[in-house]
There are 2 protein chains.
Amino acid sequence: MADKKFVEEITSMEDDFAQWYTDVVRKAELTGYTQVKGFMVIKPAGYAIWENIQRELDRRFKETGVENVYLPCLIPESLLNKEKEHVEGFAPEVAWVTYGGNQKLEERMCVRPTSETLFSDFYAKDVHSYRDLPRLYNQWCSVVRWEKTTRPFLRSREFLWQEGHTIHATAKEAEERTEQMLNLYADFLEDFLAIPVVRGQKTEKEKFAGAVATYTIEALMHDGKALQCGTSHNFGDGFARAYGIQYVDKDNTLKYVSQTSWGMTTRLIGAIIMVHGDNSGLKLPPRVAPVQAMVIPIQQKKEGVLDKAESLKNVLVAAGIRARLDDSDKSPGWKFSDQEMRGIPVRLEIGPKDIEKGQCVIVRRDTREKIVSPLEGIADKVKEVLEQIQHDMFENAKARRDAMTYEARTKEEFTEIADSKPGFIKAMWCGDVECENAIKDQLGGVTSRCIPFHQEHLSDTCVWCGRPARKMVCWGRAY
Amino acid sequence: MADKKFVEEITSMEDDFAQWYTDVVRKAELTGYTQVKGFMVIKPAGYAIWENIQRELDRRFKETGVENVYLPCLIPESLLNKEKEHVEGFAPEVAWVTYGGNQKLEERMCVRPTSETLFSDFYAKDVHSYRDLPRLYNQWCSVVRWEKTTRPFLRSREFLWQEGHTIHATAKEAEERTEQMLNLYADFLEDFLAIPVVRGQKTEKEKFAGAVATYTIEALMHDGKALQCGTSHNFGDGFARAYGIQYVDKDNTLKYVSQTSWGMTTRLIGAIIMVHGDNSGLKLPPRVAPVQAMVIPIQQKKEGVLDKAESLKNVLVAAGIRARLDDSDKSPGWKFSDQEMRGIPVRLEIGPKDIEKGQCVIVRRDTREKIVSPLEGIADKVKEVLEQIQHDMFENAKARRDAMTYEARTKEEFTEIADSKPGFIKAMWCGDVECENAIKDQLGGVTSRCIPFHQEHLSDTCVWCGRPARKMVCWGRAY
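Residues numbered from 1 in each chain as written. Chains lettered and ligands numbered in written order. Predicted model: local features only at pLDDT ≥ 70, side-chain atom pairs only at ≥ 80, totals over all residues.

1. Some points on the overall build of chain A
Along the backbone of chain A there are 15 helices and 23 strands. A compact globule built from 479 residues should have a C-alpha radius of gyration of about 23 Å, and chain A, at 25 Å, falls within 12% of that. Counting only C-alpha atoms, chain A reaches 80 × 60 × 50 Å along its principal axes. Of the contacts made within chain A by residues no fewer than 6 positions apart, 68% connect residues no fewer than 24 positions apart. (Helix = DSSP H or I, 4+ residues; strand = E, 2+ residues; numbered from the N terminus. Rg over C-alpha atoms; globule rule 2.2 N^0.38 Å. Contact = placed C-beta atoms within 7 Å.)

2. Considerations on the environment of A:Lys353
By the element assignment, A:Lys353 lies in helix α12 (residues 352-357). Sequence separation between A:Lys353 and A:Glu206 is 147 residues; the distance between their C-alpha atoms is 60 Å.

3. Focus: the sheet that holds strand β4 (residues 74-76) of chain B
Note: strands within a sheet are paired through backbone hydrogen bonds, in either parallel or antiparallel orientation. In spatial order, the strands read β4(A)-β6(A)-β5(A)-β5(B)-β6(B)-β4(B); together these six strands make up an open sheet with antiparallel pairing. Of all the strands in the sheet, the pair left with one neighbour each is β4 (74-76) of chain A together with β4 of chain B. Put simply, the sheet's adjacent strands are angled 45° from each other on average, direction ignored. (Pairing = 2+ DSSP bridges. Axes fitted to C-alpha atoms, helices over the stretch in contact; angles between N-to-C directions.)

4. Regarding the domain arrangement of chain A
Residue and element names in this part refer to chain A. The domains assigned to chain A are domain 1 (9-276), domain 2 (293-385) and domain 3 (405-476). The gap between the C-alpha centroids of domain 1 and domain 3 is 27 Å. In this complex, domain 1 contributes 16 residues to the contact, which on the side of domain 3 involves 14 residues. Counting residues per element, the ones that place at least two in the side of domain 1 that touches domain 3 are β9 (198-201) and β10 (213-220). Ranked by residues supplied to the side of domain 1 that touches domain 3, first place goes to β9 with four residues. (Domains from an automatic or database assignment.)

5. A look at the relation of the copies chain B and chain A
Placing chain B over chain A gives an RMSD of 0.0 Å and needs a rotation angle of 180°, together with 0.0 Å of translation along the axis. Accordingly, the operation relating the two chain copies is best matched by a two-fold axis. Scanning chain B for the C-alpha nearest the rotation axis identifies B:Val97, at a separation of 2.0 Å. A high fraction, 100%, of the interface residues of chain B reappear at the interface in chain A, so the copies pair face to face through one surface. (Least-squares fit on C-alpha atoms with pLDDT ≥ 70 in both.)

6. A word on the sheet that holds strand β17 (residues 346-350) of chain A
All names here are of chain A. Here we have five strands laid out as an open sheet, ordered β16-β15-β17-β18-β19, and mixed in their pairing. Of all strands in the sheet, those bounded by a partner on one side alone are β16 (323-325) and β19 (370-374). Neighbour-to-neighbour, the strand axes of this sheet turn through a mean angle of 25°, independent of strand direction. Strand direction decides the pairing type here: strand β15 (residues 293-297) and β17, joined by five bridges, are parallel. The residue of β17 that forms the bridge with Val295 is Leu348.

7. Regarding the interface of chain B and chain A
Taken residue by residue, the interface counts 44 residues in chain B and 44 residues in chain A. Within the residue set of the side of chain B that touches chain A, elements represented by two or more residues are β2 (41-42), α3 (44-63), β3 (67-68), β4, β5 (95-100), α6 (116-126), β7 (135-144) and β8 (158-168) of chain B. The greatest single-element share of the side of chain B that touches chain A, amounting to six residues, is contributed by β5(B). Residues that form the side of chain B that touches chain A fall into these classes: 27 nonpolar, nine polar and eight charged. In the sheet, strand β5 (residues 95-100) of chain A pairs with β5(B) via five bridges, with the strands oriented antiparallel. Following the sheet pairing, A:Trp96 is matched in β5(B) by B:Tyr99. (Nonpolar A, V, L, I, M, F, W, Y, C, P; charged D, E, K, R; others polar.)

8. Considerations on the packing of helix α10 (residues 305-318) of chain A against helix α13 (residues 378-403) of chain A
All names here are of chain A. The interhelical angle for the contact between α10 and α13, taken along N-to-C directions, is 65°, at an axis separation of 9 Å. You can see that α10 and α13 cross each other, and the crossing is right-handed. Across the interface between the two elements, Leu312, Val315 and Leu316 from α10 touch Ile378, Ala379 and Val382 from α13. Here the contact of α10 with α13 is composed, by residue class, of six nonpolar, no polar and no charged. (Left-handed = near helix turned anticlockwise from the far one by under 90°.)

9. Regarding helix α14 (residues 411-420) of chain B
Working note: α-helix, 3.6 residues per turn, so residues spaced by three or four point in the same direction. All names here are of chain B. Listed as buried for α14 are Phe414, Ile417 and Ala418. Along the axis of α14, the buried residues cluster in a sector spanning 100°; they form a single face. Pointing more than 90 degrees away from the buried face of α14 are the exposed residues Glu412, Asp419 and Ser420. As for α14, its buried residues are in contact with β20 (405-407) and β21 (424-429). (Buried ≥ 20, exposed ≤ 12 C-beta atoms within 10 Å, placed from the backbone. Arc of directions from axis to C-beta.)

10. Here's the deal with unusual backbone geometry
A cis amide bond, omega -5°, links A:Leu133 with the succeeding residue A:Pro134. By the secondary structure assignment, A:Pro134 is in the loop between α6 (116-126) and β7 (135-144). At B:Ala194, a position not held by glycine, the phi torsion is positive, near 55°. In this fold, B:Ala194 is placed in the loop between α7 (171-191) and β9 (198-201). Accessibility expressed as a C-beta count within 10 Å gives 27 for B:Ala194, which makes it buried. Backbone geometry places B:Asn252, a non-glycine residue, at a positive phi of 70°. Turning to its location among the elements, B:Asn252 is positioned in the loop between β12 (246-248) and β13 (254-256).

11. Some remarks on the environment of B:Val127
Along the polypeptide, B:Val127 turns up in the loop between α6 and β7. As a C-alpha pair, B:Val127 and B:Leu193 span 66 residues in sequence and 37 Å in three-dimensional space.

12. Section: the pairing of strand β14 (residues 258-265) of chain B
Residues and elements named next belong to chain B. Burial of β14 is extensive: eight of the eight residues sit out of reach of the surface. The side-chain alternation of β14 yields two buried faces, one formed by Ser258, Thr260, Trp262 and Met264 and the other by Gln259, Ser261, Gly263 and Thr265. Pairing between β8 and β14: eight bridges, direction antiparallel. Across the sheet, Thr166 pairs through a bridge with Thr260, a residue of β14. Pairing geometry for strand β11 (residues 226-236) and β14, over five bridges, is antiparallel. Its bridge partner lying in β14, Ser232 is registered against Trp262.

13. Here we look at α6(B)
Across the eleven residues of α6(B), eight count as buried, placing the element largely inside the fold. Along α6(B), the positions that sit buried rather than exposed are B:Glu116, B:Thr117, B:Leu118, B:Phe119, B:Ser120, B:Asp121, B:Phe122 and B:Tyr123.

Next comes the structure, spelled out in structure tokens:
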């Protein structure tokens, strides 16, 4: 009874997806609250996911020559104002510091919403010669943006992220780095988070304030809405000119650098929840799961059961599996629900009968399949099952995403799909922002998610205006 | 000539210790500058040291059951104000956010100078029963304190740190945790950073705002000044009462929790510089050094030399040594100076003659000893040398610290030592803050660094007032 009640506390995603999300975040203990409105507390279960994301991404960054640095958290207003498009993009949503101690500041400073301006100021002072290039710097930090409506991980007044900022001798190198990092992000989401993504370029309307080109990875959530999961920007020499980042080249002439930036955030945790979760709670891909296997003793008061369960857990840990034992005084049913709610990829049930037979029962979180396994060689078996889950979760997410991706060739088709079928819509576009604006207004918030790198020729004309088509766009409603 | 010039750019520490410090920080490329006054940029060479500190400390924390979380970076003024002593300690030095976007905030918020208030607010909402205790949370973040004069790593308007905040069912448990973390800090400094410390308790005057007891580790710098390297605070139930952190105990009564906090910061990088550095630059203990061994080819244009140097580097890396190859077009002499400036614990010189003999020359950064070693088994030899350096650097630092630690039994002795001998002074104290104040005023800033856990009985009377002594205090001038 009590077990049932525990599960029933989650709203089903079919009834109310937003409430389901909130329930999962709360019941899986990912976030908490303080009096600070619009800001989240990331609790241990949530932060451990971020630590795994961070460790793996950081490793992949460093393999490409990236180095970590740390720049100030406050930006003087005059520094923010130097790049015109950029300040217009960010000024409306920054938090302003006006007093330091008891003294009013001569110039107010904002809590960084992003650090292009600071990196530019720093590079302008620090770089002199072509020998100093490229600079491939990244920082892990928090940023503040004064959002009006907030949701844990998805939209919050503060979030954690990494922001890479690189400068290069040539425009070509900068473009290559921009694409390299976007592909690194995409591979990371697919390999590590089991989240399939569409890789593409943002339209002029949707690109980052101050960028020449913005690339993005877009994922589809369970409810058919898109989530932008990471972006990579090529700035050309715009910031370099505004901030004076110049170097003496081999030919002894002064040149402007070419610049990029790229970032991913704690929003990824929201993506994991909404791509993989179900009505029993969170479902974590094994590679990112802080706990991969939970050992749950059955009839744990019987002699020898807890000891055996403990040694089973130890065998798994020794083999490099992130395993835990739930030896609390709750019932097995409660523990199963709890493990499922927290999204732990497998549980291992072990009771007196299993011990007699020298076995345990592996239960997959994703399919609920039960696999009776001999204790002999159990660690290898669990590793195999975890790999299979990682693989299957990606394939399932991809199949669902593909099944929710539609093609529209006419305005009528486009309108009908947008009205009735949540998901991505692929359709041709003339390249005119007027069509983008009209689509957004008339189709209830459908926006261009990206111009996919992988282009298909669906028709000769723009799905909206009928003029000649220039690109296939992936459209959708987004978080 | 050019090599010499490079080294000469550092001021000698005997001439001007403060300038020597600034020179090392700059020449070893640990920090950089932006327009943001009083804030530092931590460059790759500095940040990599912090990453190693962070990784090792985090591992040690987790071994004791600590979990990481993340709390908001802004604190509403009313929340800060709830604990009276605490707010008085911090309010004069915080940065105030008064605008969010274009809107004036109803209540101003400070950028966190430390997070006791937020953790208290969070725990008050999140903890209900004795089953929820203890909570052993830590966060890695940056904090802002509006300092008037700043120096890289030592005193800056923003620094990176970890802050642990724990709550417990009993006062005894909280006290044990406070001491446990202080000892963890001390062991970390001694084992990992090769910095000997004095462990002790702060006097009432010097303890943390709001704490019942503050424990500290104090290290002695090369110039005889003390540096507080980490503190651990027992709050009793002061914050719990101010913020209402209560739980239902087993006996079904409502009780206040007991609370601790403990922190270490990027200031540790300053300690490494000032304890170990010399007139050739930085000197990093091998365990914390981002690069442990630099391979420097001699006559690198001769056939086969670069290949051999590269393969030597690869052998070291494969054995788990953090090794690099300097194959730039600079002269060997320049490379030696550069490696010494950056504090890389050993260099391996390899030239045509060495290759002929199947050997290379290991040069220790700490002693400049040259060790000719066969290439056969070189990785094991380098590991052995690195271990020896780690050991010797600690012993040397300890011997110097001990040689600069004096005992004073009378006011005259105390005054004479304070006037002429930089270092720690051990002397008995009556326990009265009046004596502390008088000593600080009359002995040019000498303060009580701590009441060492390891007490010695030097005399029966207070070194200053002659009244009965209660404790031996370790005195000194501090950063």
